[in-house]
Amino acid sequence: MKKLFSIKARASCEGKHVSGAERIVPEEKIFQTLEWIQNKLKGKNFDSLNIKINLIKEKPLIVKKALPIIDMKFKDYEEANKKAVEILHAQTGLKKEKLMEIIRLLHKGSSPEGENMRGAMIINQKGERVEKDHFRGVRTTDVDFTERELIAEKLTEKGFTQRTVDALAIATKNMVHPQITAEYCISDEPDYLTGYVATKDGYHRLTPLKRKGNSKGGRIYFVKDDTDLDELYRFLEKKPVLINDAD
Ligand code: AMP
């Protein structure tokens, strides 16, 4: 097997997250990827930059194709959230009012202090929050496209953003897990209003999914009640996943 490396970069300012990048690349692409990270950070103000490069020891799981993107536009974020709730209701069986309540929490800041979490909330079929730490949540890492540049080109040609490329990789990894039924995501960037709902069938890209100017964002992972949380955390945070293609 070809040697693969995980590269994780995180820039912050006064302890606050500024920009991050996570890639899985073969040895010969390490320095090219560092340049890509340098470009990503251009013009960004940070006082700390952490870059970790580690050999991947576990055999990656290969996913043939990313989730298909279903792009939808709405007149306002309320309409888009209605659609999001419909999709989530069909996948999770949770009552629409309950779903709205959980989504509202994300739009207000879902950490115990009403701030953004670093990772995702986890909600079971009873509508309970089950992530181990309500500040941190769970983070989906160690996922990338085998040929990221090609996929990014393909998706940007279709009018999608780099953010969509990153988010599509995360959502695709999440949906591989049998106990995760759906995901809801809005960015914490105040002017990036596009969000998504991922299901086993697709990546529903919804614009606008949040109110303009709102600096709160986050992710919700919906899981089955019999989920083994330790196994779920291990899969999401440790299992390397490579996606071969996207439509
Ligand atoms: P972003 O997609 O980077 O705009 O992130 C939006 C929100 O999703 C963040 O505020 C976090 O709460 C959460 N988040 C970001 N990255 C991850 C990740 N890798 N896994 C789980 N949740 C994440």
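See the structure shown above.
Described below are features of the structure shown in this document.

Rules used in this analysis
- Residues numbered from 1 in each chain as written.
- Predicted model: local features only at pLDDT ≥ 70, side-chain atom pairs only at ≥ 80, totals over all residues.
- Heavy atoms only, no water.
- Phe/Tyr/Trp six-rings, centres within 6.5 Å; stacked < 30°, edge-to-face > 60°.
- Buried < 20%, exposed > 50% of the residue type's maximum accessible area, 1.4 Å probe, protein only.
- Salt bridge = Lys/Arg side-chain N within 4 Å of Asp/Glu carboxyl O.
- Helix = DSSP H or I, 4+ residues; strand = E, 2+ residues; numbered from the N terminus.
- Core = buried A, V, L, I, M, F, W, Y, C linked by side-chain atoms within 4.5 Å.
- Contact = heavy atoms within 4.5 Å.
- Axes fitted to C-alpha atoms, helices over the stretch in contact; angles between N-to-C directions.
- Parallel < 35°, antiparallel > 145°, perpendicular 65-115°, else oblique.
- Left-handed = near helix turned anticlockwise from the far one by under 90°.
- Near = heavy atom within 4 Å.
- Polar contact = N/O pair within 3.5 Å; in protein donor to acceptor, adjacent residues only side chain to side chain.
- Areas by Shrake-Rupley, 256 points an atom, 1.4 Å probe, with all protein chains shown as cover.
- Nonpolar A, V, L, I, M, F, W, Y, C, P; charged D, E, K, R; others polar.
- Patch = residues over 30% accessible without salt bridge, like charges linked within 9 Å, V, L, I, M, F, W, Y side chains within 5 Å.

1. Let's talk about the packing of aromatic side chains
Right, so step 1: All chains considered together, the criterion is met by one aromatic pair.
Right, so step 2: Between Y196 and Y203 the ring centres are 4.4 Å apart and the planes differ by 25°, which places this aromatic pair in the stacked class.
Right, so step 3: A residue is classified by how much of its surface remains accessible, and Y196, at 2% relative accessible area, is buried.
Right, so step 4: By relative accessible area, which is 2% here, Y203 ends up buried.

2. Quick notes on the pattern of salt bridges
Right, so step 1: Tallied over the full model, the rule gives 27 salt bridges.
Right, so step 2: Put simply, R23 and D144 hold a salt bridge, and the shortest N to O gap is 2.7 Å. Here R23, found in strand β2 (residues 16-26), pairs with D144, found in strand β7 (residues 143-145); they are 121 residues apart in sequence, far enough to count as distant.
Right, so step 3: Take D144: its relative accessible area is 2%, and that puts it in the buried class.
Right, so step 4: Across the salt bridge formed by E189 and R163, the nearest N and O atoms sit 3.1 Å from each other. Here R163 lies in helix α5 (residues 162-176) and E189 lies in the loop between β8 (180-186) and β9 (195-199), a separation of 26 residues in the sequence.
Right, so step 5: Overall, R163 belongs to the partly exposed group, its relative accessible area being 35%.
Right, so step 6: Bridged by salt links that share partners, the residues R23, K40, D144, R148, E149 and D166 form one connected network.

3. A short note on the nonpolar core
The tendency in soluble globular proteins is for nonpolar side chains to be buried as a group.
Right, so step 1: Of all hydrophobic cores here, the largest spans 34 residues; its most connected members are F145, L168, Y196, Y203 and I243.
Right, so step 2: Take this core: its biggest share by element is seven residues, from α5.
Right, so step 3: Apart from residues lying up to four places away in sequence, F145 is in contact with A66, I151, V165, L168, A169, L242, I243, D245 and A246.
Right, so step 4: M72, V85, I103 and I123 belong to the second largest nonpolar core, which has 22 residues in total.

4. Overview of the packing of helix α2 (residues 77-92) against helix α3 (residues 96-108)
Right, so step 1: Packing of α2 against α3 brings their axes to within 10 Å, and their N-to-C directions diverge by 125°. Relative to α3, the element α2 is oriented oblique. As α2 packs across α3, the resulting crossing turns out to be right-handed. On α3, the residues that touch N81, V85, E86, L88, H89 and T92 of α2 are K96, L99, M100, I103 and H107.

5. What about the site of the ligand?
Right, so step 1: In the vicinity of the ligand lie 15 residues, with M117, T140, S187, D188 and R219 positioned nearest.
Right, so step 2: Contact between the ligand and T140: a nitrogen atom at 2.9 Å from a main-chain N or O atom of the residue.
Right, so step 3: Separating an oxygen atom of the ligand from a side-chain N or O atom of R219 is a distance of 3.0 Å.
Right, so step 4: In isolation the ligand has 480 Å² of accessible area, and contact with the protein removes 83% of it.
Right, so step 5: The leading source of residues in the shell around the ligand is strand β11 (residues 218-223), at three residues.
Right, so step 6: In terms of residue class, the shell around the ligand is built from six nonpolar, four polar and five charged.

6. Here we look at a nonpolar patch on the surface
Right, so step 1: A cluster of nonpolar side chains, F46, L49, I51 and I53, forms an exposed patch at the surface whose accessible area comes to about 300 Å².
Right, so step 2: For L49, the location among the structural elements is in strand β3 (residues 48-55).
Right, so step 3: Judged by its relative accessible area of 38%, L49 is partly exposed.

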